[in-house]
Amino acid sequence: MSNIDQQVAWIDICKSEDILPNMGRCALFENEQVAIFRVIESGVEKIYAINNHCPFSQANIISRGIVGCLSNKTVVASPLYKQHFDLATGQCIEDEAISVKTYAVRFEGDMIQLAA
Amino acid sequence: MSNKSNLVVIGNGPVGHHFLESLVQSGKSTDYNITVFGEEPRPAYDRVHLTAWFETRDAAAINMVEDGYYPANDITLYTKDKVLAIDRSAKTVTSESGKVLSYDKIILATGSFPFVPPVPGHDRENIFVYRTIEDLEAITAAAEKGKTGAVIGGGLLGLEAAKALKDLDLETHVVEFAPRLMAVQIDDGGGKMLRKKIEDLGVSVHTAKNTKNISDGENAVHKMSFADGQELEVDIIVFSAGIRPRDELAKSSELKMGERGGIVINNQCQTSDKDIYAIGEVALWDNKIFGLIAPGNAMAKAACDHLTGCGDSEFAGADMSTKLKLMGVDVASIGDAHGNTPNSRSYTYVNDRDEVYKKIVVSSDDKYLLGAVLIGDASEYGSLLQFMLNKMELPSEPEGLILPQVDGQSTGLGVDALPDTAQLCSCMNVTKADVVCAVEAGATTIGDIKDATKAATGCGGCAALITQVLNNQLEKNGVEVNTDLCEHFAYTRQDLYNIIRIEKIQSFEVLLEKHGSGLGCDICKPTAASLLASCWNKYILEKPLHGLQDTNDYFMGNMQKDGTYSVVPRIPGGEITPDKLIVLGEVAKKYNLYTKITGGQRVDLFGARSEELPLIWRELIDAGFETGHAYGKSLRTVKSCVGETWCRYGVQDSMGMSLLLENRYKGLRSPHKLKMAVSGCTRECAEAQSKDVGVIATENGWNMYVCGNGGMKPRHADLFASDLDDVTLIKYIDRLFMFYVRTADRLQRTSVWMDNMEGGLEYLQSVIIDDKLEVCAELEKEMSLVVDSYQCEWKSTLDDPERMKRFSHFVNSDQSDDNVVFTQERKQIRPKSKNESIELVVID
Ligand code: SRM
Ligand SMILES: Cc1cc2nc3c(=O)[nH]c(=O)nc-3n(C[C@H](O)[C@H](O)[C@H](O)COP(=O)(O)OP(=O)(O)OC[C@H]3O[C@@H](n4cnc5c(N)ncnc54)[C@H](O)[C@@H]3O)c2cc1C
Ligand code: SF4
Ligand code: FES
């Protein structure tokens, strides 16, 4: 375990299998809505977490978007008006001025965990 | 008395009308008292598309004069009032109804009449010509009583008349004096190929036949006797042996005429009397009559320019090249089709299998194109015409222009090479510069170009070339005309469809691995999901298909602006029992859903949270409802009227048909949503002509309309086929929908699909009705697979407890989304807007 891991408190959110591959789900984490995505990239399983609130529609829906990639960035398309967000950084692809919060997330055994 | 001068226009055909439009456009029409005399009972109609009258049997369909256009521009039109005399010394005209008008200027636009050779018996009953709506009405009435028909004359108009007879279900003959069809426009080889193709369609062609006499027949109404001793018996005869100018007024008022008729005009279209102009088919320029619409329009413009002084266009002759579809056969003739130019060379390509004939005539040094004949495939017409008209130098081996293309090589004309002045559309006189200009002003589709310039709205022969110029210009402007679906697939939707079918691909993963790259995206995933569903129709939430679905398909409801969903159960044809209606009310009440009757004859329940969806649907399904696919790019509703069961006018059971259709096509995934409607009679209460497929009952069956659209750009549906029985109707719809699924772009409604299809309605008919591409059996098979594998997605979902989990808002909590907040309006819920701090005052 790295130093950082020791500093932060990792909290169990759900079983890995509760989120299907290449899909997202929304989790309640310290009163915030977090969209967690499991993505298979070139055979390697990755996990991302960003805030579930879409700054364009003001609705809590990011977790229900389609996952994919645009010019090598792994992104989710917000389901209402289809803006894309970089899952690694929370940056909106269409509008430089807009980004959403990201969260530390990991697989731990068969669990998915988030950290503050 | 006003100080305006008196302008009298004699003849209200297409050219006379075009003149009036030009005059109004010039802004000078207010300088004149304008009176128009027309002999026919109605204002100008589009004679070029005369045959289209048969589609609706309604003159309005080919009307050229918008309602109120003449009165709005202070133009007085007298219909059914022929001008009998022009008195040039008193400067008056006299009409049949007795009007005597003084004139300052006259425009003669009296057109021409069909020539009927003085064969004995030519004036018998049941013998017609093919020029006016009244002619077609008479032919139609006669055809009801007859079995066989002959057209005398195998020229362009004769073949068009023959098609009409064939469509009226007559056994049809074409009798031509010359040794080949269309002797004026095409050469021997072309004539042979054309004949073969027309005979394939079941029309008998008799060439080198001189009709000597027409008398009573033994087995039919007429007996035609030919110079070679042979005979032919038919019930109906249509003469189409050429046209003659209607120059009788010029004759009696002693204007200068040609030896064989026609009123002599100069480049300004003035006759020998400077106050009288002649335009259109009645005018003789350089000893030539021009029997096409484009030169007529050019004359109208020249006359208008000269009269008003607003422009300086002149009539300087016209190119008589033509491209047509005769009985579904492409025929084109350009310039010196016969190779009459001394020392010219020609190159010919003949393909007996596909029945294609192509010839080009070039100058002795191979540098310039002089003429061409294309039969069976006229796709090169546009570029060949441009080579000739603009005297552009040909590529070094000009035969390449008509030879089949070897992969990747393009020998055609680079549209870039065309000068700005090149006339792309001769019917509407549209140049390359006009098209480029329209693109600069924002046009991006051929439809936009049509709207902006009228190009390609006449004979349609220029559509392919205009599209090339359009795409070329868009490309130059940096607009992507890249047709790749997205960055992950270098294919169009249509390519992917074929790949999936041919390789029997069942999943996105395999498609991506074999033909794509990256992870996919929100464009290609739903597209692939739709294609896989169109092809194999598996349950859309089956793993891993579920990950491809847009949220609407994934939650099987449309996501609303606040993240809640709508619930729209199927109510086929809008028919619902009171009990079911009560269930809807009870469910809506229990879950506090906003309730509305939709524009599609069903009920929409809004404001369902994702976690409530399964509970709501459980109750609906138990009460016998199914999903309404309001979320899918798939069949929405089949709107229906009550039909003959209740309505005093109904002639068929529209309700029964709409149920049949809705239940057959529900669940079909397609490039965009599909809507249908069925009306019980011609009053059309179900608005079928605004639907992708509309069905209207007739005394004898059903009329089928296709490719209508409401929405952003309304388009009336086109009549596709008439008086169909149930089985044929279903067969055609099966084929049409599957062909659409195969060939449309992503999110392209049928209206846009058809408008962008080369050949349009006729082509579609040839594919679906005549099976030109020989795909109909496959299309039907594909549709029956979809029909047989239908399942209600909501029912399948509720049957599987595993799948129920995904509807909770949180993966780790039973709480609801606290961001969803409703307020009340008119006694129902609605989403609270973000800046709504005070409760709304509810007024009801
Ligand atoms: C509910 C309804 C309006 C109503 O309150 O009556 C409706 C609602 C929506 N329409 Fe519609 N349309 C509804 C009838 C129509 C009609 C009328 C009809 O079908 O007779 C039309 C015009 C006819 C046509 O389609 O040709 C219509 C033309 C559109 C269009 C424009 C389509 C076009 O080709 O231009 C869209 C946008 C699109 O599909 O891209 C659209 C899209 C939508 C969407 C799906 C917008 C969206 O993406 O959220 C709306 C959501 C429905 C929902 O949440 O369930 N809706 N919409 C009607 C549902 C009918 C039904 O029972 O299924
Ligand atoms: C079936 C068919 C298909 C065709 N297809 C094509 C095609 O594909 N492409 C193409 O370019 N062209 C085509 N044409 C030819 C085209 O229709 C004509 O070139 C065009 O109609 C000529 O217009 P116009 O106004 O000069 O004459 P017309 O259309 O003949 O109009 C003249 C009008 O004047 C009226 N009139 C005559 N004398 C008097 C009078 N004394 N007083 C009052 N009114 C009078 C006539 O009744 C008539 O209504 C086709 C023609 C037909 C019949
Ligand atoms: S379309 Fe005809 S049958 Fe149907 S309701 Fe209207 S009038 Fe009656
Ligand atoms: S050339 Fe006839 S429509 Fe353009």
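Provided above is the structure to which this section pertains.
Residues numbered from 1 in each chain as written. Chains lettered and ligands numbered in written order. Predicted model: local features only at pLDDT ≥ 70, side-chain atom pairs only at ≥ 80, totals over all residues. Heavy atoms only, no water.

## Points about the nonpolar core
If you look at soluble globular proteins, the nonpolar side chains tend to sit buried side by side. Core analysis: the largest hydrophobic core is formed by 62 residues, its most contacted members being L661(B), F737(B) and L764(B). With 10 residues, helix α20 (residues 726–743) of chain B is the largest single contributor of residues to this core. Counting only domains with at least three residues in this core, you end up with domain 3 (493–549) and domain 4 (635–791) of chain B. For L661(B), the residues in contact, after removing those within four places along its chain, are V638(B), M676(B), V678(B), V695(B), I730(B) and I733(B). Residues M23(A), I50(A), V76(A) and V567(B) belong to the second largest nonpolar core, which totals 48 residues. (Core = buried A, V, L, I, M, F, W, Y, C linked by side-chain atoms within 4.5 Å. Buried < 20%, exposed > 50% of the residue type's maximum accessible area, 1.4 Å probe, protein only. Helix = DSSP H or I, 4+ residues; strand = E, 2+ residues; numbered from the N terminus. Domains from an automatic or database assignment. Contact = heavy atoms within 4.5 Å.)

## A short note on the interface of chain A and chain B
Taken residue by residue, the interface counts 35 residues in chain A and 38 residues in chain B. Summed over both sides, the interface between chain A and chain B buries roughly 2800 Å², with carbon and sulfur atoms accounting for 57% of that surface. In terms of surface lost to chain B, no three residues of chain A exceed R25(A), R64(A) and I66(A), which account for 26% of the buried area on that side. The tally of links from chain A across to chain B stands at one salt bridge. One salt bridge in this structure joins D550(B) and K82(A), with 3.0 Å as the shortest N-O distance. The interface formed by chain A and chain B contains 16 residue pairs in polar contact (both at pLDDT 80 or more). If you list the elements that add at least two residues to the side of chain A that touches chain B, you get β1 (10–15), β2 (23–29), β3 (32–41), β5 (66–70) and β6 (73–77) of chain A. (Buried area = accessible area lost by both parts, 1.4 Å probe. Salt bridge = Lys/Arg side-chain N within 4 Å of Asp/Glu carboxyl O. Polar contact = N/O pair within 3.5 Å; in protein donor to acceptor, adjacent residues only side chain to side chain.)

## Quick word on the side chain of Q494(B)
Mapped onto the elements, Q494(B) comes out in helix α13 (residues 493–502). Excluding its chain neighbours within four sequence positions, the residues that come into contact with Q494(B) are R742(B), T743(B), A744(B) and D745(B).

## Looking at the environment of W702(B)
Here W702(B) lies in strand β35 (residues 701–706). Distance from W702(B) to L724(B), taken between C-alpha atoms, is 4.9 Å for residues 22 residues apart in sequence.

## Topic: the sheet that holds strand β23 (residues 329–335) of chain B
All names here are of chain B. One open sheet accounts for five strands, arranged β22-β23-β26-β25-β24; its pairing is antiparallel. Among the strands making up the open sheet, the edge pair consists of β22 (322–326) and β24 (345–351). On average, adjacent strands in this sheet sit at an angle of 10° to one another, irrespective of strand direction. The sheet contact formed by strand β25 (residues 356–362) and strand β26 (residues 369–375) spans six bridges and is antiparallel. Counterpart to Y357 in the pairing with β26 is I375. (Pairing = 2+ DSSP bridges. Axes fitted to C-alpha atoms, helices over the stretch in contact; angles between N-to-C directions.)

## Some thoughts on the side chain of R246(B)
Residues and elements named next belong to chain B. Among the structural elements, R246 can be located in the loop between β17 (243–245) and α7 (248–252). Classification of R246 by relative accessible area gives buried; the value is 19%. Beyond its immediate stretch of four places on either side in the chain, R246 contacts E39, K82, T110, G111, S112, F113 and V282.

## Re the site of ligand 3
Contacts to ligand 3 come from C641(B), G643(B), C647(B), G650(B), S679(B), G680(B), C681(B), R683(B), E684(B) and C685(B). Looking at side-chain class alone, the shell around ligand 3 contains four nonpolar, four polar and two charged residues. (Near = heavy atom within 4 Å. Nonpolar A, V, L, I, M, F, W, Y, C, P; charged D, E, K, R; others polar.)

## Focus: the packing of α13(B) against α20(B)
Between two packed helices, the angle of one axis relative to the other and the distance separating the axes together describe the packing. Residue and element names in this part refer to chain B. Packing of α13 against α20 brings their axes to within 7 Å, and their N-to-C directions diverge by 110°. The pairing of α13 with α20 is recorded here as roughly perpendicular in orientation. Residues R493, Q494, Y497 and R501 of α13 touch α20, and the partners they reach there are M738, Y740, V741, R742 and T743. Looking at the contact of α13 with α20 residue by residue, the classes come out as four nonpolar, two polar and three charged. (Parallel < 35°, antiparallel > 145°, perpendicular 65-115°, else oblique.)

## Some details on the site of ligand 2
All names here are of chain B. Taken together, the neighbourhood of ligand 2 is formed by 31 residues, with E40, R47, R131, E281 and I293 sitting nearest. Measuring from an oxygen atom of ligand 2, one finds a side-chain N or O atom of E39 at 3.1 Å. I293 has a polar backbone atom sitting 2.8 Å from an oxygen atom of ligand 2. Summarising the interface, the protein chains cover 96% of the accessible area of ligand 2, which totals 990 Å² for the free molecule. Counting residues per element, the ones that place at least two in the shell around ligand 2 are α1 (14–26) and α5 (156–167). In terms of residue count, α1 provides more of the shell around ligand 2 than any other element does, three residues in total. Class assignment of the residues belonging to the shell around ligand 2 gives a composition of 13 nonpolar, 10 polar and eight charged. If you count residues domain by domain, the shell around ligand 2 takes at least three from each of domain 1 (5–112 + 245–308) and domain 2 (127–241). (Areas by Shrake-Rupley, 256 points an atom, 1.4 Å probe, with all protein chains shown as cover.)

## As for helix α17 (residues 578–590) of chain B
Since there are 3.6 residues in each turn of an α-helix, residues three or four apart along the chain are aligned in direction. Residues and elements named next belong to chain B. Between its first and last C-alpha, α17 extends 18 Å over 13 residues, near the 18 Å set by a 1.5 Å rise per residue. Taken as a whole, α17 has its buried residues at L584, V587 and A588. Burial along α17 is one-sided: seen end-on, the buried residues are contained in an arc of 100°. Facing away from the buried side of α17, by more than 90 degrees, are the exposed residues P578, D579, E586, K589 and K590. Of the surrounding secondary structure, the elements contacted by the buried residues of α17 are β30 (594–597), β31 (603–608) and α18 (613–622). (Expected span 1.5 Å × (residues − 1). Arc of directions from axis to C-beta.)

## With respect to α5(B)
Residue and element names in this part refer to chain B. In this model, α5 (12 residues) spans 17 Å end to end at C-alpha, consistent with the 16 Å of a helix rising 1.5 Å per residue. Of the positions making up α5, those classed as buried are L156, G158, L159, A161, A162, A164 and L165. Downstream of α5 by a residue or two, D169 has a phi angle that is positive, lying close to 70°.

## Here's the deal with unusual backbone geometry
Residues and elements named next belong to chain B. Cis peptide bonds are those with omega within 30 degrees of zero, and the linkage from K543 to P544 qualifies with -10°. Assignment of secondary structure puts P544 in the loop between α15 (524–536) and α16 (551–554). Phi angles above zero are rare outside glycine, and D74 is one such case at about 60°. Of note, D74 is situated in the loop between α3 (69–72) and β3 (75–78). Here the phi dihedral of N126 falls at roughly 65°; this positive angle occurs in a residue that is not glycine. Mapped onto the elements, N126 comes out in the loop between β8 (112–114) and β9 (127–129). Using a relative accessible area of 25% as the deciding quantity, one classes N126 as partly exposed.

## Some points on the sheet that holds strand β4 (residues 83–87) of chain B
Residues and elements named next belong to chain B. Pairing is antiparallel in the open sheet, where three strands are placed in the order β4-β5-β6. This sheet does not close on itself; its edge strands, each paired only once, are β4 and β6 (100–102). Sheet twist, expressed as the average angle between the axes of neighbouring strands with direction ignored, equals 20°. Bridge analysis of strand β5 (residues 92–95) against β6 gives three bridges, and the strand direction is antiparallel. Within β6, the residue paired with T92 across the bridge is S102.

## Digging into the packing of α17(B) against α18(B)
Residues and elements named next belong to chain B. Interaxial distance between α17 and α18 falls to 10 Å at its minimum, and their mutual angle equals 165°. Put simply, α17 runs roughly antiparallel to α18. The chirality of how α17 crosses α18 is right-handed. Within the contact between the two elements, α17 uses V583, L584, V587 and K590 and α18 uses I616, E619 and L620. (Left-handed = near helix turned anticlockwise from the far one by under 90°.)

## Structural notes on the pattern of salt bridges
All chains considered together, the criterion is met by 52 salt bridges over all chains. Put simply, E39(B), K82(B), R246(B) and E248(B) are held in one network by salt bridges that share partners.

None of the figures reported here should be taken as evidence of function without further support.
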